[in-house]
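Chain residues, written in single-letter form:
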Amino acid sequence: MVKLIEKTPCAGLLPRSIGLMTLAEDAYPAMTSIAPYQGQSRQVSAALKSTFGVGFPSPNRSLLSDRVRITWIGQGAAMICGEAPPTLTGAAVTDQSDAWAVVRLTGKGAEDVLARLVPVDLRRPQFRSNHTARTLLGHMHVSITRIDAKTFEIMAMRSMAQTLVHELSQAMENVAARG
Amino acid sequence: MRITCPLCGERDRREFYYVGDAVALRRPSPDAGEAAWDDYIHNRDNPAGDTQDLWQHEAGCGAWVVVDRNTVTHAVNNVTLAAKVTR
Ligand SMILES: [Zn+2]
């Protein structure tokens with residue numbers, strides 16, 4: 001068997017620093033989507049909590065523990081980022097490792113960059129740390145989570161990695177050019 | 001036009017996909033007869049005023065929503081999750 005070399009979704013594209021901002025890849029070792037079946041949310045959330053210390057997030061929220069970040073990614077669904085979950089009964093569980101490009105945009109001006117690309121107001125105070133949104137970045141479906149005062153995590157499908165980096169870099173250059 | 005998704009909050013129309021008349025939530029029973037099925041499949045009102053459509057928050061949370069809106073004033077009066085509609 002040929003030994004294959006694993007490449008991350010943004011290999012060769014990132015990191016990039018433009019102006020006071022940095023765009024870097026944040027590839028999680030494991031990503032798993034979970035969607036509890038009808039009437040099973042409470043049980044699934046309790047199982048997550050006993051393993052990771054955080055349960056199933058409410059809509060528009062992301063939860064962080066020392067082992068994983070669990071981000072709400074849509075109606076009745078969340079993404080466990082970092083470690084694979086234990087065997088969960090009562091939920092549809094899908095391994096999505098390697099399927100998503102995950103980047104972090106950080107630095108002064110990050111909000112202005114996203115304001116050029118995203119039709120949702122991501123400024124504080126209405127979009128605070130661990131708030132998350134499913135929305136568009138350009139024409140791409142993305143998940144955007146605020147990590148801290150000047151950092152956002154953006155997830156898009158892996159096949160869109162190059163477009164994601166292109167769109168963000170262009171907007172970073174435009175914001176930086178304004179000084 | 002802005003639509004308030006019951007899960008995500010107020011969002012731009014471009015995040016939503018228009019599906020059609022909310023009649024899809026009122027499927028007749030299999031033995032309802034030809035007239036009921038003909039009506040369900042083929043006949044739609046074209047109201048100047050209040051109407052009820054199904055939309056999907058396709059570029060957001062993925063939820064199907066029922067939108068009560070007015071075709072004359074373009075006002076969006078109410079949005080509910082299709083999952084919460086009792087059938
Ligand atoms: Zn939504």
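Just so it is clear, the model here is predicted, and its values are computed rather than measured.

Peer 1: Before we go on, may I ask you to explain the packing of aromatic side chains in this structure?
Peer 2: The geometry of two aromatic rings is summed up by the distance between their centres and the angle between their planes. All names here are of chain B. In the structure shown here, the tally under the stated rule is three aromatic pairs over all chains. Arranged with centres 5.1 Å apart and planes meeting at 75°, the rings of Tyr18 and Trp55 form a pair that is edge-to-face. One end of the pair, Tyr18, is in strand S3 (residues 17-21); the other, Trp55, is in strand S4 (residues 50-56), and 37 residues separate them in sequence. What makes Trp55 buried here is its relative accessible area of 5%. Relative to Tyr40, the ring of Trp37 has its centre 5.4 Å away and its plane inclined at 85°; by these criteria the two rings are edge-to-face.

Peer 1: Please clarify how the coordination of the zinc ion should be interpreted in this entry.
Peer 2: Geometrically, a metal with four donors at the corners of a regular tetrahedron has ideal angles of 109.5 degrees, and one with six donors at the corners of a regular octahedron has ideal angles of 90 or 180 degrees. All names here are of chain B. Protein coordination of the zinc ion is provided by Cys5 (SG), Cys8 (SG), His57 (ND1) and Cys61 (SG), with donor distances spanning 2.0 to 2.5 Å. Donor residues for the zinc ion sit on one chain with the sequence pattern C-x2-C-x48-H-x3-C. Here His57 lies in the loop between S4 and strand S5 (64-70) and Cys5 lies in strand S1 (residues 2-5), a separation of 52 residues in the sequence. You'll find Cys5 and His57 in the same group, each marked buried.

Peer 1: Which parts of the structure should I look at to understand the interface of chain A and chain B?
Peer 2: In many reports, interface size means the accessible area that the parts give up when they come together. The partner chain B presents 15 residues to the 12 residues of chain A that form the contact. Seen at the junction of chain A and chain B, the total is zero salt bridges. Where chain A touches chain B, the interface holds five residue pairs in polar contact (both at pLDDT 80 or more). Among the residues forming the side of chain A that touches chain B, the class breakdown is six nonpolar, five polar and one charged.

Peer 1: In this structure, what is going on with the pattern of salt bridges? I would like to understand it.
Peer 2: Where charged atoms from two side chains of opposite charge come close, those side chains can pair. For the structure shown, the criterion picks out 12 salt bridges over all chains. For A:Glu83, the salt bridge goes to A:Arg67, with nearest N and O atoms at 2.9 Å. Linking A:Glu83 in the loop between strand S6 (77-81) and strand S7 (91-95) with A:Arg67 in the loop between strand S4 (62-64) and strand S5 (69-74), this pair joins segments that are 16 residues apart in sequence. For A:Glu83, a relative accessible area of 29% gives the class partly exposed. The closest approach of N and O atoms between B:Arg14 and B:Asp12, which form a salt bridge, is 3.1 Å. Here B:Arg14 falls in the partly exposed class, since its relative accessible area comes to 47%. One connected set of salt bridges, linked through shared partners, spans B:Arg2, B:Glu10, B:Asp12 and B:Arg14.

Peer 1: Explanation requested: the sheet that holds strand S1 (residues 16-18) of chain A in the structure shown.
Peer 2: Adjacent strands of a sheet pair through backbone hydrogen bonds, lying either parallel or antiparallel. Residue and element names in this part refer to chain A. Here six strands make up an open sheet; going across it, the order is S1-S2-S8-S11-S10-S9 and the pairing antiparallel. Whereas interior strands pair on both sides, the edge strands pair on one side only; in this sheet they are S1 and strand S9 (132-137). Strand-to-strand twist across the sheet, computed as the mean angle between neighbouring axes with direction ignored, equals 25°. Bridge analysis of strand S2 (residues 21-25) against strand S8 (residues 100-107) gives five bridges, and the strand direction is antiparallel. Among the inter-strand pairings, Ala24 is bridged to a residue of S8, identified as Arg104. Across the sheet, helix H3 (residues 161-177) lies against S1, S2, S8, S9, strand S10 (140-148) and strand S11 (151-157), angled at about 170° from S2, the strand it touches most.

Peer 1: Got a minute to help me understand the domain arrangement of chain A in this structure?
Peer 2: Residue and element names in this part refer to chain A. Split into domains, chain A comes out as domain 1 (16-27 + 98-178) and domain 2 (31-95). Taken together, the contact pairs 12 residues of domain 1 with 11 residues of domain 2. Both faces combined, the contact of domain 1 with domain 2 buries some 1,000 Å², and carbon together with sulfur accounts for 59% of it. In terms of surface lost to domain 2, no three residues of domain 1 exceed Asn130, Thr132 and Arg134, which account for 47% of the buried area on that side. Linking domain 1 with domain 2 are zero salt bridges, by the criterion used here. Our enumeration of links across domain 1 and domain 2 arrives at four residue pairs in polar contact (both at pLDDT 80 or more).

Peer 1: How do you make sense of the pairing of S4(B) when you look at a structure like this?
Peer 2: Two faces, one strand: in a regular strand the side chains alternate between the faces of the sheet. All names here are of chain B. Within S4, five of the seven residues are buried, leaving the element largely enclosed by the surrounding structure. Of the strand pairs in this sheet, S3 and S4 are connected by four bridges, and their pairing is antiparallel. Of the residues in S4, the one forming a bridge with Tyr17 is Gln56. Inspection of the sheet shows S4 paired to S5 by seven bridges, in the antiparallel sense. Each residue of the ladder has a partner; that of Gln52, found in S5, is Asp68.

What counts and how
Residues numbered from 1 in each chain as written. Chains lettered and ligands numbered in written order. Predicted model: local features only at pLDDT ≥ 70, side-chain atom pairs only at ≥ 80, totals over all residues. Heavy atoms only, no water. Phe/Tyr/Trp six-rings, centres within 6.5 Å; stacked < 30°, edge-to-face > 60°. Helix = DSSP H or I, 4+ residues; strand = E, 2+ residues; numbered from the N terminus. Buried < 20%, exposed > 50% of the residue type's maximum accessible area, 1.4 Å probe, protein only. Donors = N, O, S within 2.8 Å, 3.2 Å for Na, K, Ca; no water. Contact = heavy atoms within 4.5 Å. Salt bridge = Lys/Arg side-chain N within 4 Å of Asp/Glu carboxyl O. Polar contact = N/O pair within 3.5 Å; in protein donor to acceptor, adjacent residues only side chain to side chain. Nonpolar A, V, L, I, M, F, W, Y, C, P; charged D, E, K, R; others polar. Pairing = 2+ DSSP bridges. Axes fitted to C-alpha atoms, helices over the stretch in contact; angles between N-to-C directions. Domains from an automatic or database assignment. Buried area = accessible area lost by both parts, 1.4 Å probe.

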